[in-house]
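Spelled out, the chains give:
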Amino acid sequence: MIKMKTFYKIIASIIVFLAIASIGASFYFFHVAQVRGDKSFISHAATPKSSPVYQDEKDFLKLDKENLSLKNDGLNLKAWYVPAENKTDKTVIVVHGFNGSKEQMAAYGMLFHKLGYNVLMPDNRAHGASDGTLIGYGVTDKRDLIKWTNQLIKTNPKSEITYFGLSMGAATVMMASGQDLPKNVVNIIEDCGYSSVWDELTFQAKDMYNLPAFPLLYEVSALSKVRAGFAYGEAGASSVKALAHNKLPVLFIHGDADDFVPTTMVDQNYAATKGPREKFIVKGAKHAKALETDKAGYYAKVAAFLAKY
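Residues numbered from 1 in each chain as written. Predicted model: local features only at pLDDT ≥ 70, side-chain atom pairs only at ≥ 80, totals over all residues. Heavy atoms only, no water.

**Points about the overall build of the protein chain**
Per the secondary structure count, the protein chain includes 11 helices and eight strands. For the protein chain, whose C-alpha radius of gyration is 21 Å, the value lies close to the compact-globule estimate of 19 Å for 309 residues. Projected onto the principal axes, the alpha-carbon positions of the protein chain cover approximately 90 × 40 × 40 Å. Taken over 309 residues, the protein chain has a buried fraction of 52%. Long-range pairs, those at least 24 residues apart, make up 74% of the contacts in the protein chain with a sequence separation of at least 6. For the protein chain, the accessible surface area stands at approximately 14,600 Å², while carbon and sulfur atoms represent 58% of it. (Helix = DSSP H or I, 4+ residues; strand = E, 2+ residues; numbered from the N terminus. Rg over C-alpha atoms; globule rule 2.2 N^0.38 Å. Buried < 20%, exposed > 50% of the residue type's maximum accessible area, 1.4 Å probe, protein only. Contact = heavy atoms within 4.5 Å. Areas by Shrake-Rupley, 256 points an atom, 1.4 Å probe, with all protein chains shown as cover.)

**Digging into the sheet that holds strand β8 (residues 277-282)**
Each strand in a sheet pairs with another by means of backbone hydrogen bonds, the pair being arranged parallel or else antiparallel. One open sheet accounts for eight strands, arranged β1-β2-β4-β3-β5-β6-β7-β8; its pairing is mixed. Bordering the open sheet on either side are β1 (66-72) and β8, each of which pairs with just one other strand. Going across the sheet, the axis of each strand differs from the next one's by a mean of 20°, ignoring polarity. Direction of pairing for strand β3 (residues 90-95) relative to strand β5 (residues 160-166): parallel, over a ladder of six bridges. Opposite K90, over in β5, you have E160 as the bridge partner. (Pairing = 2+ DSSP bridges. Axes fitted to C-alpha atoms, helices over the stretch in contact; angles between N-to-C directions.)

**Some details on the UniProt feature "domain: Serine aminopeptidase S33" (unreviewed entry) in the protein chain**
When the UniProt feature table is mapped onto this chain numbering, "domain: Serine aminopeptidase S33" (unreviewed entry) sits at residues 87-185. Helix makes up 34% of residues 87-185 and strand 19%. Its end C-alpha atoms lie 19 Å apart. (UniProt positions renumbered as here; feature names shortened; annotations may be inferred.)

**Digging into the packing of helix α2 (residues 54-62) against helix α3 (residues 106-114)**
Helix packing for two helices is described by the angle between their axes and how far apart those axes are. In the contact formed by α2 and α3, the axes pass within 8 Å of each other and the chain directions differ by 75°. The angle between the axes of α2 and α3 places the two elements in the roughly perpendicular class. Touching D56, E57, D59, F60 and L61 of α2 are A106, A107, G109, M110 and K114, all from α3. Tallied by class, the residues present in the contact of α2 with α3 amount to five nonpolar, one polar and four charged. (Parallel < 35°, antiparallel > 145°, perpendicular 65-115°, else oblique. Nonpolar A, V, L, I, M, F, W, Y, C, P; charged D, E, K, R; others polar.)

**Side note on the nonpolar core**
Grouped together as the largest cluster of nonpolar side chains are 32 residues, with contacts concentrated most on V94, F112, F164, I189, Y298 and V302. Non-local contacts of F112, meaning those with residues more than four positions away in its chain, are made with V92, V94, Y117, V119, F164, I189, V302 and L306. L68, L75, A79 and F252 belong to the second largest nonpolar core, which has 28 residues in total. (Core = buried A, V, L, I, M, F, W, Y, C linked by side-chain atoms within 4.5 Å.)

**Notes on the pairing of strand β7 (residues 250-255)**
Burial within β7 is extensive, with six of its six residues counted as buried. Of the two faces of β7, the one carrying V250, F252 and H254 and the one carrying L251, I253 and G255 are both buried. In the sheet, strand β6 (residues 185-191) pairs with β7 via four bridges, with the strands oriented parallel. Counterpart to D191 in the pairing with β7 is I253.

**Some thoughts on the pattern of salt bridges**
All told, the structure shown has 14 salt bridges when counted by the stated rule. Note that E160 and K90 form a salt bridge whose closest N and O atoms lie 3.1 Å from each other. Separated by 70 residues along the polypeptide, E160 in strand β5 and K90 in strand β3 bring together distant segments of the chain. On the basis of relative accessibility, which here comes to 35%, the residue E160 falls in the partly exposed class. In the salt-bridge network here, residues are joined through shared partners; they are D73, R125, R143 and D144. (Salt bridge = Lys/Arg side-chain N within 4 Å of Asp/Glu carboxyl O.)

And the structure:
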């Protein structure tokens, strides 16, 4: 009997220890995934001079920029606005990716500048010059995107607005597509966006740490619900579920060598949308490298899509 009691005590102690370890791990991984700061798995290396987009970045950063700001959810958000060389109502909102900033989107800004667009480039909440400590994965960022949209329309009611997003920014514009957007938003271009926050973080947990979703991701998701206001598996955190309500034309771009946001996710997103759709898969392109890998093809596809829609 005494031995049995000892056995149960050992089992109970092991369970308590594992529970404490699991909770501790969930707080650690929440910090890694969602708290503002440098991330060891994200490279911010300078673009080499040999890159096809090097000169575009330099040229865009030399352009005159207006510093814009707005307040949303109590946060002060910042953006650059670069007017087109010739007056136009066409404006693109360029949304950067996870742990990025507007400066890192210079090559994309230059693409649209060359196409004759006004360019608005925000820093997402918890990124760049904008306020915030918690990364939104597109879920909270879509609210900021819509507020930037309304500010543009207030300035120019005739605005014709394109949404462009890269990686997390791509998820942001897709998640926004399921909202009741102003009629001024005419089309969407997404580059290497994920199908949902849950799918992407499940993939990363396995790929980076060899961990299953249960129980850790469930615990981290619960922390996100408490601290950031959203759980990873909810409908508002899914590009696929948002696109199911979308009627706008969407151009889906992805690299077929993407090992950060699996290329299979673009097929899920493409299948979900209810509006006109086109897909551009760039051979040999890693994550967020489609423009660099096939600059001529990228420019041609984007220009043709915008001319059509």
